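Descriptive analysis of the structure
As a plain string of letters, each chain reads:
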Amino acid sequence: MDCFFHDSHLYGLSLTRSHYEAEDLVQEALYRFLLIYDQLEDTNYKAWLFRVMRNYYFDKQRKGKKKPTIYSINLSN
């Protein structure tokens, strides 16, 4: 698992450019892995972790974007 953590952390850094956010991604991916570990068939766990990290990162980015603010200008003056 140590080799997964190191590689996952480096991948998280490549996505986020932040050690703290990379650690959050790794933690979330490992948490999700532990939840469904027994349901996974014989698979490439490293690729699965990376996919979960990527999807979680982009979902978080999408949810973090604010809708554009519309300003009104009073032109009657």
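Our structure is the block above this text.
Throughout what follows, the structure given in this document is the object of discussion. (Residues numbered from 1 in each chain as written. Predicted model: local features only at pLDDT ≥ 70, side-chain atom pairs only at ≥ 80, totals over all residues. Heavy atoms only, no water.)

What to know about unusual backbone geometry
Under the convention used in this document: A run of H or I in DSSP becomes a helix once it reaches four residues, and a run of E becomes a strand once it reaches two; helices and strands are each numbered from the N terminus. For each residue, the accessible area found with a 1.4 Å probe, counting protein chains only, is set against the maximum for its type, and the residue is called buried under 20%, exposed over 50%, and partly exposed in between.
Within the chain, R17 stands out as a residue other than glycine whose phi angle is a positive 65°. You can see R17 is positioned in the loop between α1 (2-16) and α2 (19-36). The class for R17 is exposed, based on a relative accessible area of 68%.

Section: the pattern of salt bridges
Note the following rule: Whenever a carboxyl oxygen of Asp or Glu lies within 4 Å of a side-chain nitrogen of Lys or Arg, that contact is scored as a salt bridge.
One pass over the full model with this rule turns up 3 salt bridges. The shortest N-O distance in the salt bridge between D59 and R62 comes to 2.4 Å. In this pair, D59 and R62 are both assigned in helix α3 (residues 45-64), 3 residues apart and thus about one turn of the helix distant. Residue D59 is classed as partly exposed on the basis of its relative accessible area, which comes to 33%. Taking the relative accessible area as the measure of exposure, R62 reaches 56% and is therefore exposed.

Observations concerning the side chain of H9
Note the threshold: What makes two residues a contact is simply this: any of their non-hydrogen atoms within 4.5 Å.
Within the element layout of this structure, H9 appears in helix α1. Using a relative accessible area of 14% as the deciding quantity, one classes H9 as buried. In contact with H9, other than residues within four places in its own chain, are H19, A22, E23 and V26.

Section: α2
Short version of the rule: Take the residue count of a helix, subtract one, and multiply by 1.5 Å to get its expected span. Counted as a polar contact is a pair of N or O atoms within 3.5 Å, where, for protein atoms, one must be capable of donating a hydrogen and the other of accepting one, and residues adjacent in sequence contribute only when both atoms are in side chains.
For α2, which comprises 18 residues, the first-to-last C-alpha distance of 26 Å matches the rise-based estimate of 26 Å (1.5 Å per residue) to within 8%. Where α2 begins, the side chain of S18 points an oxygen toward the backbone nitrogen of Y20, at a separation of 3.4 Å.

Looking at the packing of α2 against α3
Heads up, the condition is: All axes here are fitted lines through C-alpha atoms, helices being fitted over the stretch that makes contact, and every angle between N-to-C directions spans 0 to 180 degrees. Our angle categories are set so that under 35 degrees counts as roughly parallel, over 145 as roughly antiparallel, 65 to 115 as roughly perpendicular, and the remainder as oblique. Definitions for this section: a left-handed crossing has its near helix turned counterclockwise from the far helix by less than a right angle. A right-handed crossing has that turn clockwise.
With their axes 9 Å apart at the nearest point, α2 and α3 run at an angle of 120° to one another. Classed by the angle they form, the pair α2 and α3 counts as oblique. Along this stretch, α2 crosses α3, giving a crossing that reads as right-handed. Touching L25, V26, E28, A29, L30, R32, F33 and I36 of α2 are Y45, W48, L49, V52, M53, Y56 and Y57, all from α3.

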